[in-house]
Amino acid sequence: MRIGQGFDVHAFGEGDFITLGGVKIPYHRGLQAHSDGDVVLHALCDALLGAIAEGDIGLHFPDSDPQWNGADSRVFLQHAAAMVHEKGYGVANVDLTVVAQTPRIRPYVDDMRGHIARDLQIEESQVNVKATTTEGLGFSGRSEGIAAFAVVLLLRR
Ligand code: MG
C-alpha cells in the first residue's frame, strides 16, 4: 500500500462563485488562481501524486502553461487518477478537510463526494469530505482564503 497527503491554499479575489470539489458554490468573491482555484481537488491531486512519488500538481500542470488558464481542476484529478491506475494502484479511500470560515461548506459535501468518486472510479463510501472553521483565527478565520488538506491510501490492484 501507499499513502499520500496534500495541502493547498487559495486567496479570495474578484468573482461571484468559488469551485470546491468540482462544485460551483455561490459566494460574493471568487478564488484567485491560474486554474479554477479548486483547493480541494488541488490538495487531492497532490496527495495522489505524492502516494506514487510523482512530484506535485505544479510539475504536471505548470502555472506558466497557458493551456491551464481557468482550467477545470477535475481534468487534473482525472489525470492524476490515470497515473495512479497506470502504476498498478487503486484508491482505497480519500479523506479531505476544507478549512473555511465562510461560506458554509456542509451543504455541498455530498455533491463533492459524488464528483470525486466518479473521477477516481470509486464509490462515494470511499470518499469523505469534512469542513471546519478556524474559529476566526488566521487567514482562513479572517475569510481571506480557503485551505484544504487531503490524505489518500492506495492499494496495489
Ligand atoms: Mg492550487
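This is a predicted model, so every value here is computed, not measured.

**Considering unusual backbone geometry**
Part 1 of the reasoning: Omega for the peptide link from T102 to P103 comes to -5 degrees, which places this bond in the cis form.
Part 2 of the reasoning: With respect to the secondary-structure elements, P103 resides in the loop between β5 (89-99) and α4 (109-120).
Part 3 of the reasoning: For A53, which is not glycine, the phi torsion reads 55 degrees and is therefore positive.
Part 4 of the reasoning: Within the secondary structure layout, A53 lies in the loop between α1 (39-51) and α2 (57-60).

**With respect to a nonpolar patch on the surface**
Part 1 of the reasoning: Nonpolar side chains collect at one region of the surface, where F7, V9, F139 and F149 lie side by side and expose about 340 Å² of accessible area between them.
Part 2 of the reasoning: When you line up the elements, F149 lands in strand β7 (residues 145-156).
Part 3 of the reasoning: Exposure remark for F149: the relative accessible area of 41% places this residue in the partly exposed category.

**Here's the deal with the layout of surface pockets**
Part 1 of the reasoning: There is about 180 Å³ of room inside the largest pocket.
Part 2 of the reasoning: What lines the largest pocket is simply D8, H10, A33, H34, S35, H42, I57, G58, F61, D63, W68 and F76.
Part 3 of the reasoning: Contributing elements (two or more residues each) for the lining of the largest pocket: β1 (2-13) and α2.

**Examining the packing of aromatic side chains**
Two aromatic rings, taken as a pair, are described by how far apart their centres are and by the angle between their planes.
Part 1 of the reasoning: Under the defined criterion, the tally for this structure stands at 5 aromatic pairs.
Part 2 of the reasoning: Ring plane angle 35 degrees and centroid distance 4.8 Å describe the contact between F7 and F149, whose orientation is recorded as tilted. Of the two residues, F7 sits in strand β1 while F149 sits in strand β7, which places them 142 residues apart along the sequence.
Part 3 of the reasoning: For F7, a relative accessible area of 42% gives the class partly exposed.
Part 4 of the reasoning: Between F61 and W68 the ring centres are 4.9 Å apart and the planes differ by 85 degrees, which places this aromatic pair in the edge-to-face class. Of the two residues, F61 and W68, both sit in the buried class.
Part 5 of the reasoning: The rings of F61, W68 and F76 are connected pair by pair, giving a single aromatic cluster.
Part 6 of the reasoning: Over the aromatic face of Y89 sits the side chain of R156, whose NZ or CZ is 4.5 Å from the ring centroid.

**Description of the coordination of the magnesium ion**
Part 1 of the reasoning: Every protein donor of the magnesium ion is listed here as D8 (OD), H10 (NE2) and H42 (ND1), and their distances to the metal cover 2.2 to 2.3 Å.
Part 2 of the reasoning: For the magnesium ion, the donor residues sit on a single chain with the sequence spacing D-x1-H-x31-H.

**Remarks on the environment of D8**
Part 1 of the reasoning: Relative to the helices and strands, D8 resides in strand β1.
Part 2 of the reasoning: The exposure class of D8 is buried, given its relative accessible area of 16%.
Part 3 of the reasoning: In this structure, the C-alpha to C-alpha distance between D8 and F149, residues 141 residues apart in sequence, is 6.8 Å.
Part 4 of the reasoning: Leaving out residues up to four positions away in the same chain, D8 has contacts with V39, H42, A43, I146, A147 and A148.
Part 5 of the reasoning: A distance of 3.2 Å separates a polar atom in the side chain of D8 from a polar atom in the side chain of H10.

Conventions we followed
- Residues numbered from 1 in each chain as written.
- Predicted model: local features only at pLDDT ≥ 70, side-chain atom pairs only at ≥ 80, totals over all residues.
- Heavy atoms only, no water.
- Helix = DSSP H or I, 4+ residues; strand = E, 2+ residues; numbered from the N terminus.
- Patch = residues over 30% accessible without salt bridge, like charges linked within 9 Å, V, L, I, M, F, W, Y side chains within 5 Å.
- Areas by Shrake-Rupley, 256 points an atom, 1.4 Å probe, with all protein chains shown as cover.
- Salt bridge = Lys/Arg side-chain N within 4 Å of Asp/Glu carboxyl O.
- Buried < 20%, exposed > 50% of the residue type's maximum accessible area, 1.4 Å probe, protein only.
- 1 Å grid on protein atoms, 1.4 Å probe; cavity = no way out; pocket = protein on both sides within 12 Å on 5 of 7 lines; lining within 4 Å.
- Points joined across faces, edges and corners; volume = space filled by probe spheres on them.
- Phe/Tyr/Trp six-rings, centres within 6.5 Å; stacked < 30°, edge-to-face > 60°.
- Lys NZ or Arg CZ within 6 Å of the ring centre and 35° of its normal.
- Donors = N, O, S within 2.8 Å, 3.2 Å for Na, K, Ca; no water.
- Contact = heavy atoms within 4.5 Å.
- Polar contact = N/O pair within 3.5 Å; in protein donor to acceptor, adjacent residues only side chain to side chain.

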